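Observations on the three-dimensional arrangement
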Amino acid sequence: MSARADLNGKNLISTQDWTVEELEILFDLAAELKDAKREGRPTSLLQAKTLYMIFFDASTRTRNSFETGMTQLGGHAIYLSPDRMQISHGENAKDTANVLARYGDAIAIRHCEMGVGNPYLNEVAQHAGVPVINMQCDIYHPCQILADYLTIREQFGDTRGLKLGVAWTSAPNYVRPLSVPQSLILMMPRFGIDVTLAYPPEFKLMPEIEVQAKANADAAGVKFEISDRFEDAFEDADVVIPKSWGPLVTTRDVPEGLRLIEQYSSWRCDSRHMALGKKRLIYMHPLPADRGREVTDEVIDGPQSVVYDEAENRLHVQKALMALTM
Ligand code: CP
């Protein structure tokens, strides 16, 4: 097994920057790496390489899958928290990027602050000279969507003609970013998947992302529809991803956002919704899920749920991403 050189040095800030052919290379390598791990074969593709991981926001899956993935590839990942770096004293993106790039081989960043995270990643990428990986920003969460697609491909084989429902759910404990649903609606149509996006009016996504998603769907000859009915995401679906996000296009006021989330408490996935889909319908969620509010235990722990396969696939797609780009 050897990583292909033609993606060496490439950033992943959005899947929009990668062609379908490049993404297919990544998924094929992810599947190979998953098999190798299962069979106990070594995959030392990144010996002596270092990944810096800067987390402005909390994480369970992203941190541990990247860090473990680097270990399994023979390299080393370093966890960096801005409050323990000179970023906390105002060191800018250019200086941080240049210095880390002199030491190591890639920089991964999670920065979800609305209007701040994505520009910060782009500024680091402009100066780094090593690949920059988006571990989630205010606009995109590409690594999550790569894992989601690998999971769907494992479940169905050919993904063309499938229907994916992406539905907003009510989770009132904190205001989540828009990055997961936005990345889903952008990438899935490019792989031949019809997408129905359902949300209450106050929870619209960034208008330019919805326009881009429609353009991707038109180019691929598939459907992209938006509805204000929760059930529309489930009817005749093969895959549903019901998850919460904040009303960030409508308001950035947190108490007002939480009030709006509470207002739609009936937007919760239960077995009656799952019965609206095709017989083979699967339930996915990027996690963490707000159990009891976003989804009932019966569904998330039930036979249609593949949430732990989905979480595991973060490891395999990110190993492929690092092996190809670093
Ligand atoms: N899905 C996801 O990104 O999980 P974490 O926030 O735990 O990294």
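Here we summarise the structure given alongside this text. (Residues numbered from 1 in each chain as written. Predicted model: local features only at pLDDT ≥ 70, side-chain atom pairs only at ≥ 80, totals over all residues. Heavy atoms only, no water.)

Let us look at the overall build of the protein. Secondary structure summary: the protein contains eleven helices and nine strands in total. Computed over the C-alpha atoms, the radius of gyration of the protein is 19 Å, within 12% of the 20 Å expected from 2.2 N^0.38 for a compact globule of 326 residues. Projecting the C-alpha coordinates of the protein onto the three principal axes gives extents of approximately 55 × 45 × 35 Å. Relative to its 326 residues, the protein shows a buried fraction of 57%. Of the roughly 13,300 Å² of accessible surface on the protein, 47% is carried by carbon and sulfur atoms. Side-chain charges in the protein split into 34 positive and 45 negative, and the spacing between the mean points of these groups amounts to 3 Å. (Helix = DSSP H or I, 4+ residues; strand = E, 2+ residues; numbered from the N terminus. Rg over C-alpha atoms; globule rule 2.2 N^0.38 Å. Buried < 20%, exposed > 50% of the residue type's maximum accessible area, 1.4 Å probe, protein only. Areas by Shrake-Rupley, 256 points an atom, 1.4 Å probe, with all protein chains shown as cover. Lys, Arg positive; Asp, Glu negative; His and termini not counted. Charge placed at Lys NZ, Arg CZ, Asp CG, Glu CD.)

In the region of the ligand, the neighbouring residues are Ser59, Thr60, Arg61, Thr62, Arg110, His141, Gln144, Pro286, Leu287 and Arg314. Side-chain polar atom of Gln144 to a nitrogen atom of the ligand: 3.0 Å apart, as the coordinates give it. For the ligand, a nitrogen atom lies 3.0 Å from a polar atom in the backbone of Pro286. Coverage of the ligand by the protein chains reaches 92% of its 260 Å² of free accessible surface. Here the shell around the ligand is composed, by residue class, of two nonpolar, five polar and three charged. (Near = heavy atom within 4 Å. Polar contact = N/O pair within 3.5 Å; in protein donor to acceptor, adjacent residues only side chain to side chain. Nonpolar A, V, L, I, M, F, W, Y, C, P; charged D, E, K, R; others polar.)

Tallied over the full model, the rule gives zero disulfides. Take Cys137: it sits in no disulfide, and the sulfur closest to it among the cysteines is that of Cys112, at 7.1 Å. There is no disulfide at Cys143, and the cysteine sulfur nearest it, in Cys137, is 11 Å away. (Disulfide = S-S within 2.5 Å.)

On to the nonpolar core, then. Within the largest apolar cluster, 110 residues are counted, with the highest numbers of intra-cluster contacts made by Phe27, Leu51 and Met188. There are two domains that each give this core at least three residues, and those are domain 1 (5–141 + 313–325) and domain 2 (143–310). Apart from residues no more than four positions distant in its own chain, Leu51 is found in contact with Phe66, Met70, His76, Ala77, Ile78, Ala106, Ile107, Ala108, Met322 and Met326. (Core = buried A, V, L, I, M, F, W, Y, C linked by side-chain atoms within 4.5 Å. Domains from an automatic or database assignment. Contact = heavy atoms within 4.5 Å.)

Note: strands within a sheet are paired through backbone hydrogen bonds, in either parallel or antiparallel orientation. Strands sit in the order E2-E1-E3-E4 across an open sheet of four strands; the sheet is parallel. This sheet does not close on itself; its edge strands, each paired only once, are strand E2 (76–80) and strand E4 (132–137). Neighbour-to-neighbour, the strand axes of this sheet turn through a mean angle of 15 degrees, independent of strand direction. As defined by bridge partners, strand E3 (residues 106–111) adjoins E4 across four bridges and the pair is classed as parallel. The residue bridging His111 from the neighbouring strand is Cys137, located in E4. (Pairing = 2+ DSSP bridges. Axes fitted to C-alpha atoms, helices over the stretch in contact; angles between N-to-C directions.)

Turning our eyes to something else, we now look at the pairing of E2. Two strands pair when backbone bridges link them, and strand E1 (residues 50–55) and E2 are joined in this way by five bridges, in the parallel orientation. The residue of E2 that forms the bridge with Ile54 is Leu80.

The subject of this paragraph is the pattern of salt bridges. The tally for this structure, following the rule as stated, stands at 18 salt bridges. For Arg63, the salt bridge goes to Glu67, with nearest N and O atoms at 3.0 Å. A residue pair is termed a helical-turn pair when its members lie 3 or 4 positions apart in one helix, as Arg63 and Glu67 do in helix H2 (residues 61–72) at four residues. With a relative accessible area of 26%, Arg63 lands in the partly exposed category. The structure contains a network of salt bridges with shared partners spanning Glu24, Asp28 and Arg153. (Salt bridge = Lys/Arg side-chain N within 4 Å of Asp/Glu carboxyl O.)

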